[in-house]
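Residue-level structure breakdown
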Amino acid sequence: MHILHVVGARPNFMKAAPVLRALRETGAEQTLVHTGQHYDVNMSDAFFRELGMPEPDVNLAVGSGSHAEQTAEIMIRFEKVAKKYQPDLVLVYGDVNSTVAAALVCAKLLIRLGHVEAGLRSFDRNMPEEVNRVVTDQLSNILFTPSADANDNLRREGVTAEKICLVGNVMIDTLIRFLPIAQAMKNDLPRRYALVTLHRPANVDDPQMLQGILSALSAIHDDVPVIFPVHPRTRHAIREFGLHTEGIEIREPLSYLEFLALQCRATLVITDSGGIQEEATYLGIPCLTVRPNTERPVTVEVGTNTIVGNDVEKLKAETLNILSGRGKKGRLPPLWDGHASERIASLVASRDALPTGAVE
Ligand code: UD1
């Protein structure tokens, strides 16, 4: 059994790492392809190193570009690799452009495709990730879902039940593995602080929107220190639009462990990331999500997440609520137990006999 994994952007790495490890135990032959969508040391290499991932066998080095340029370039370069390796199964992760690009190539080459973190839906096609999720799921032969809502979404879209496997959350596998190391890391952090991440195009590509959020964060700083490791996209936007960040402690993007060390001690998290909503829920830390919706409803219904949309007044009010001890406590969603990737590995091993071929 030869399994080829495709990763490309920061949130892929912590999802693929435990699946690679679990499949190694089954004796499967594995090939790791990095598309190069993310290429900065602190957006990519640092994650490989800390997560103990093998060096990619192939790096497509596509770099940045418009959606069409990036997706098309990955497709052109990945097609050659897929033809050369002829794997029994390609595994793609999450919802980034690398995910959908590889999925399209596999569908046309009739290579069996598995999607890890299938079925999540924000029902908001303004988000590029939602388009990537819907297309990837339609093209996949095996869909590994993190939560029951994802199964419901897929069934509603006509995906047959036998292709859907509810396995739990692979990113939480990584969190559980590395949390003790992050907790033991030395720090000189304030007693209380808000940890912020922002990188969604809807929040950072529009100067008025971004300045509105930054001004709210500056105001929040009157009550609690604000630490903000800034994604390159957001840094470019702040510089290009000449925006104000008074009082906000701006940092470079952090490695996985550095970020987890900050997150596990935070008083609250303010974010527009999908993965961080989940990590905050696992850690029991109140999370304010600066988006109109989430594709991870379990973090709101069961976990510590509150959607504040683009309402900066609500962001400030909810922050004060949390600081006065009235933040959401939350519980652990089902199957966030550190064993999701083992379940994937045993399913993949037992499905060895499945035919390669088009999605019916
Ligand atoms: C991508 C994903 C998003 C994910 C995010 C995590 C898509 C559609 N979006 O968004 O779902 O949440 O990754 O970070 O796939 N840049 C650098 N160095 C890098 C990478 C990017 O400077 O290593 C800059 C470039 O200017 C680039 C911009 O960031 O144009 C955006 O990068 P891109 O990969 O297109 O999308 P992200 O915003 O990172």
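Only a predicted model underlies this, so the values are computations on that prediction, with no experimental measurement involved. (Residues numbered from 1 in each chain as written. Predicted model: local features only at pLDDT ≥ 70, side-chain atom pairs only at ≥ 80, totals over all residues. Heavy atoms only, no water.)

In this section: the side chain of Thr 319. Tracing the sequence through the fold places Thr 319 in helix H14 (residues 312-326). Residues in contact with Thr 319, not counting those within four places in the same chain, are Ile 220, Leu 268, Ile 270 and Leu 288. (Helix = DSSP H or I, 4+ residues; strand = E, 2+ residues; numbered from the N terminus. Contact = heavy atoms within 4.5 Å.)

With respect to topology, six strands assemble into an open sheet ordered E10-E9-E8-E11-E12-E13, the strand pairing being parallel. Only two strands of the sheet have a single partner each, and these edge strands are strand E10 (248-251) and strand E13 (305-307). Strand-to-strand, the axes of this sheet are offset by a mean angle of 20°, without reference to chain direction. Across three bridges, the pairing between strand E11 (residues 268-271) and strand E12 (residues 287-289) is parallel. Along E12, the bridge assignment pairs Val 269 with Cys 287. The sheet contacts of helix H11 (residues 256-263) involve strand E8 (194-197), strand E9 (226-229), E10 and E11, and relative to E8 the element is tilted by about 140°. (Pairing = 2+ DSSP bridges. Axes fitted to C-alpha atoms, helices over the stretch in contact; angles between N-to-C directions.)

Another aspect to go through is the sheet that holds strand E7 (residues 164-166). In spatial order, the strands read E3-E2-E1-E4-E5-E6-E7; together these seven strands make up an open sheet with parallel pairing. The open sheet has two edge strands with one neighbour each: strand E3 (58-59) and E7. In this sheet, E7 lies alongside strand E6 (residues 142-145) in parallel orientation, the contact comprising three bridges. Residue pairing across strands places Leu 143 opposite Ile 164, the latter belonging to E7. Along the sheet, helix H1 (residues 10-25) contacts strand E1 (2-7), strand E2 (29-34) and strand E4 (89-93); its crossing angle with E1, the most-contacted strand, is approximately 165°. The strands touched by helix H3 (residues 67-85) are E1, E2, E3 and E4; relative to E1, the strand with the most contacts, the crossing angle is about 165°.

Our next topic: the site of the ligand. In the region of the ligand, 20 residues are neighbours, and Gln 37, His 38, Asn 97, Glu 129 and His 199 sit closest. Compared with its free state, where it exposes 740 Å², the ligand has 88% of that area covered by protein. Taken together, the elements giving at least two residues each to the shell around the ligand come down to H1, H3 and helix H10 (232-241). Ranked by the residues each element gives to the shell around the ligand, the list is headed by H10, at three residues. Residue classes in the shell around the ligand are distributed as five nonpolar, nine polar and six charged. The two domains that each donate at least three residues to the shell around the ligand are domain 1 (2-168 + 336-353) and domain 2 (187-323). (Near = heavy atom within 4 Å. Areas by Shrake-Rupley, 256 points an atom, 1.4 Å probe, with all protein chains shown as cover. Nonpolar A, V, L, I, M, F, W, Y, C, P; charged D, E, K, R; others polar. Domains from an automatic or database assignment.)

Burial of the side chains of E9 extends over both faces: Val 226 and Phe 228 are buried on one face and Ile 227 and Pro 229 on the other. The sheet contact formed by E8 and E9 spans two bridges and is parallel. Bridge pairing in E9 links Ala 194 to Val 226. As paired strands, E9 and E10 are joined by four bridges and run parallel to one another. What sits directly across from Val 226, in E10, is Ile 248. As for the winding sense of the linkage, the β-α-β connection from E9 through H10 to E10 is right-handed. (Buried < 20%, exposed > 50% of the residue type's maximum accessible area, 1.4 Å probe, protein only. Right-handed = clockwise from strand over helix to strand, strands pointing away.)

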